[in-house]
Amino acid sequence: MVSDVALTLLGGGFAVGLALEWLVLTASRRWGVLAHPNARSLHDAPQPTAGGVAFVVPLLAYLGWLGAQGASIALVLCAAAALIAVVGLVDDLRELSARARLAAHALAALAVVWAVLPGAPWPLLALAAFALVWHINLYNFMDGIDGIAGAQALVFLVGAQIVGAGLPGWSGDLTWLASGTLLAFLVFNFPPSRLFMGDVGSGFLGLLTGALALLLWQQQSLPLPAALILLAGFWLDATYTLIVRATTGQAFTQAHRSHLYQKLAAKRGHLWTTVGFLGYAIFWLLPLAWMSARHGMQMSPVALSWLLPAVTPLLVTAWWFRAGLPERRVGSDE
């Protein structure tokens, strides 16, 4: 049963998000803050962007308020997420160097991991920080078609509440507020999109969802294997594509359109692809995450074993559609 507090946060986040998204859309059109088609995008015309500001602002305000009440982890998360959002916004307005972005991502990830996993061995801290940096970046890679990034984050947030049988404390309240703001964003971003989230939103969501996965595990609210399953749609596509590009001698650091979701969108369209990823997450990943969580909070082999059936359909689909590989040329025998 969803509590009155949860409903208030969900509804309040939705209402505030709608108002802010409308303001951002109006400002983006007036001031020419547009995302132009490039080597990674699958859009034919410039679109208003920076819609992520409308969910970043209320969530940072909430985290800042929690920090002022004495929640030290929330304060660190607020500072780290603010850094990622500011760097993303600057990159939306004028392109930053990859080195500057990576340095900011690494600093934010290290701060979050240090706060969330105090006293953990150095190898675990290093691994968690590396994974969090990768998660921040892969959200940017995967935010290439209408609706997909917002929907993936929303599924994780709501799925965590379902699998965790209601998340306690401020982290649980944060998921409801974030869900409301993302629902508002999807009103403007679901295919056909009127507004993109931009790097200000994608990087922020990558940090937020990754940090919540670690925090909920540390709080004994959601097993990490279950969180990995809920997030599998994004990290598997991005990681599989990167490995294929790296092992086939391609310039894997350059922008491209060879992710699985990009290939599906090119063939079937944005709506079909986003709904397909959403259906995979809800009807396949969510039940398997629930099954994995029945084995407790430990990173046990049994709990981790549910990852294999979770990712298998996406792995097979990625192989079938040649994710990571360039399109065959007409008349080519490749």
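Residues numbered from 1 in each chain as written. Predicted model: local features only at pLDDT ≥ 70, side-chain atom pairs only at ≥ 80, totals over all residues. Heavy atoms only, no water.

Engineer: Explain the overall build of the protein to me, and be specific about the residues and the numbers.
Structural biologist: Across its full length, the protein carries 14 helices and two strands. By the compact-globule yardstick of 20 Å for 334 residues, the protein fits well, its C-alpha radius of gyration being 19 Å. Relative to all contacts within the protein whose residues are 6 or more apart in sequence, the contacts with residues 24 or more apart total 76%. Summed over all atoms, the accessible surface of the protein reaches about 15,200 Å², with 69% contributed by carbon and sulfur. Here the protein contributes 16 positive and 14 negative side-chain charges, whose respective centroids are spaced 5 Å apart. (Helix = DSSP H or I, 4+ residues; strand = E, 2+ residues; numbered from the N terminus. Rg over C-alpha atoms; globule rule 2.2 N^0.38 Å. Contact = heavy atoms within 4.5 Å. Areas by Shrake-Rupley, 256 points an atom, 1.4 Å probe, with all protein chains shown as cover. Lys, Arg positive; Asp, Glu negative; His and termini not counted. Charge placed at Lys NZ, Arg CZ, Asp CG, Glu CD.)

Engineer: I'd love a proper account of the packing of aromatic side chains, names of residues and values included.
Structural biologist: Applying the stated criterion across every chain yields a total of seven aromatic pairs. Look at Trp-114 and Trp-122: their rings are 5.7 Å apart centre to centre, the planes differ by 45°, and that puts the pair in the tilted class. Here Trp-114 falls in the exposed class, since its relative accessible area comes to 55%. For Trp-122, a relative accessible area of 64% gives the class exposed. Between the NZ or CZ atom of Arg-268 and the centre of the ring of Trp-272, over which it lies, the distance is 4.6 Å. (Phe/Tyr/Trp six-rings, centres within 6.5 Å; stacked < 30°, edge-to-face > 60°. Buried < 20%, exposed > 50% of the residue type's maximum accessible area, 1.4 Å probe, protein only. Lys NZ or Arg CZ within 6 Å of the ring centre and 35° of its normal.)

Engineer: Give me unusual backbone geometry: which residues, what numbers.
Structural biologist: If a residue is not glycine, its phi is most likely negative; likewise, a peptide bond is most likely trans. The step from Pro-191 to Pro-192 runs through a cis peptide bond, and the omega angle for that step is -5°. Looking at the secondary structure, you find Pro-192 in the loop between helix H7 (169–189) and helix H8 (198–218). In this structure, Gln-220 is a non-glycine residue whose phi angle is positive, near 65°. For Gln-220, the position within the fold is in the loop between H8 and helix H9 (224–230).

Engineer: Can you explain the nonpolar core? Please cite residues and give values.
Structural biologist: The biggest cluster of nonpolar side chains holds 97 residues, and the ones touching the most others in it are Leu-117, Leu-174 and Phe-204. With 12 residues, H8 is the single largest residue contributor to this core. Of all hydrophobic cores here, the second largest spans five residues; its members include Val-24, Leu-25, Ala-54 and Phe-188. (Core = buried A, V, L, I, M, F, W, Y, C linked by side-chain atoms within 4.5 Å.)

Engineer: A description of the environment of Ala-184 should follow, citing residues and the corresponding values.
Structural biologist: Here Ala-184 shows up in helix H7. For the pair formed by Ala-184 and His-295, sequence separation is 111 residues and the distance between their alpha carbons is 35 Å. For Ala-184, the residues in contact, after removing those within four places along its chain, are Phe-14, Gly-17, Leu-18 and Glu-21.

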